[in-house]
Amino acid sequence: MCPSLLAPCLLPSMWQLYPGRRYRGSDSSFWRIVYHIELSGMEDMLLEQLPDGG
C-alpha cells in the first residue's frame, strides 16, 4: 500500500517489553520491531502493530 493511502497513526506514549520481543503500548496495543538501526547517535526503527493480544 502506498504510504499516502494509509491512515495516520499516533504511537503510544509509553512502552513495556513483553516476552517474544513484543512491546505493549500504553493504549494496550501490541507491536514488534521489524527493523532497528542506530548510527552516529541517530536511530531508525520500523514498527508493526500486531493483532489484538499480540
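Residues numbered from 1 in each chain as written. Predicted model: local features only at pLDDT ≥ 70, side-chain atom pairs only at ≥ 80, totals over all residues. Heavy atoms only, no water.

*Asks:* Would you take a moment to explain the overall build of the protein chain for this structure?
*Replies:* When helices and strands are counted, the protein chain shows zero helices and four strands. Its helices and strands taken in sequence order, the protein chain reads β-β-β-β from the N to the C terminus. Taken over 54 residues, the protein chain has a buried fraction of 13%. (Helix = DSSP H or I, 4+ residues; strand = E, 2+ residues; numbered from the N terminus. Buried < 20%, exposed > 50% of the residue type's maximum accessible area, 1.4 Å probe, protein only.)

*Asks:* Help me understand the pairing of strand β1 (residues 15–18), please; the structure alone is not making it clear to me.
*Replies:* In the case of a regular strand, side chains alternate between the two sheet surfaces. In the sheet, β1 pairs with strand β2 (residues 22–25) via four bridges, with the strands oriented antiparallel. Of the residues in β2, the one forming a bridge with Q16 is R24. (Pairing = 2+ DSSP bridges.)

*Asks:* Please explain the sheet that holds strand β4 (residues 42–49) as it appears in this structure.
*Replies:* The strands that make up a sheet pair up through hydrogen bonds in the backbone, lying either parallel or antiparallel. The four strands are arranged β1-β2-β3-β4 in an open sheet whose pairing can be described as antiparallel. At either end of the open sheet lies a strand with only one pairing partner, and these are β1 and β4. The sheet shows a mean angle of 40 degrees between the axes of neighbouring strands, taken without regard to direction. (Axes fitted to C-alpha atoms, helices over the stretch in contact; angles between N-to-C directions.)

*Asks:* Please explain unusual backbone geometry as it appears in this structure.
*Replies:* Glycine aside, negative phi is the norm for most residues, and most peptide bonds take the trans geometry. One non-glycine residue with positive phi stands out, namely R21, at about 55 degrees. Look at R21 and you get exposed, because its relative accessible area is 65%. Despite not being glycine, S40 shows a phi value in the positive range, around 55 degrees. By the secondary structure assignment, S40 is in the loop between β3 (30–39) and β4.

*Asks:* How do you make sense of the side chain of S29 when you look at a structure like this?
*Replies:* Counting through the fold element by element, S29 comes out in the loop between β2 and β3. Side-chain polar atoms of S29 contact the side chain of W31, separated by 2.7 Å. With sequence-adjacent residues up to four places away left out, S29 is seen in contact with P12, Y23, R24 and Q49. (Polar contact = N/O pair within 3.5 Å; in protein donor to acceptor, adjacent residues only side chain to side chain. Contact = heavy atoms within 4.5 Å.)

*Asks:* Got a minute to help me understand the packing of aromatic side chains in this structure?
*Replies:* Centre-to-centre distance and the angle between the planes together describe a pair of aromatic rings. Per the stated rule, a full pass over the model turns up two aromatic pairs. On the basis of an interplanar angle of 75 degrees and a centroid distance of 5.7 Å, the ring pair of W15 and W31 is categorised as edge-to-face. Linking W15 in strand β1 with W31 in strand β3, this pair joins segments that are 16 residues apart in sequence. Residue W15 is classed as partly exposed on the basis of its relative accessible area of 35%. Residue W31 is classed as buried on the basis of its relative accessible area of 6%. A centroid spacing of 5.3 Å and a plane angle of 90 degrees characterise the contact between Y18 and F30, whose relative ring orientation is edge-to-face. Highlighted residues: Y18 in strand β1 and F30 in strand β3, separated in sequence by twelve residues. Overall, the relative accessible area of 10% leaves F30 in the buried class. (Phe/Tyr/Trp six-rings, centres within 6.5 Å; stacked < 30°, edge-to-face > 60°.)

Shape is all these values report; function is a separate question.
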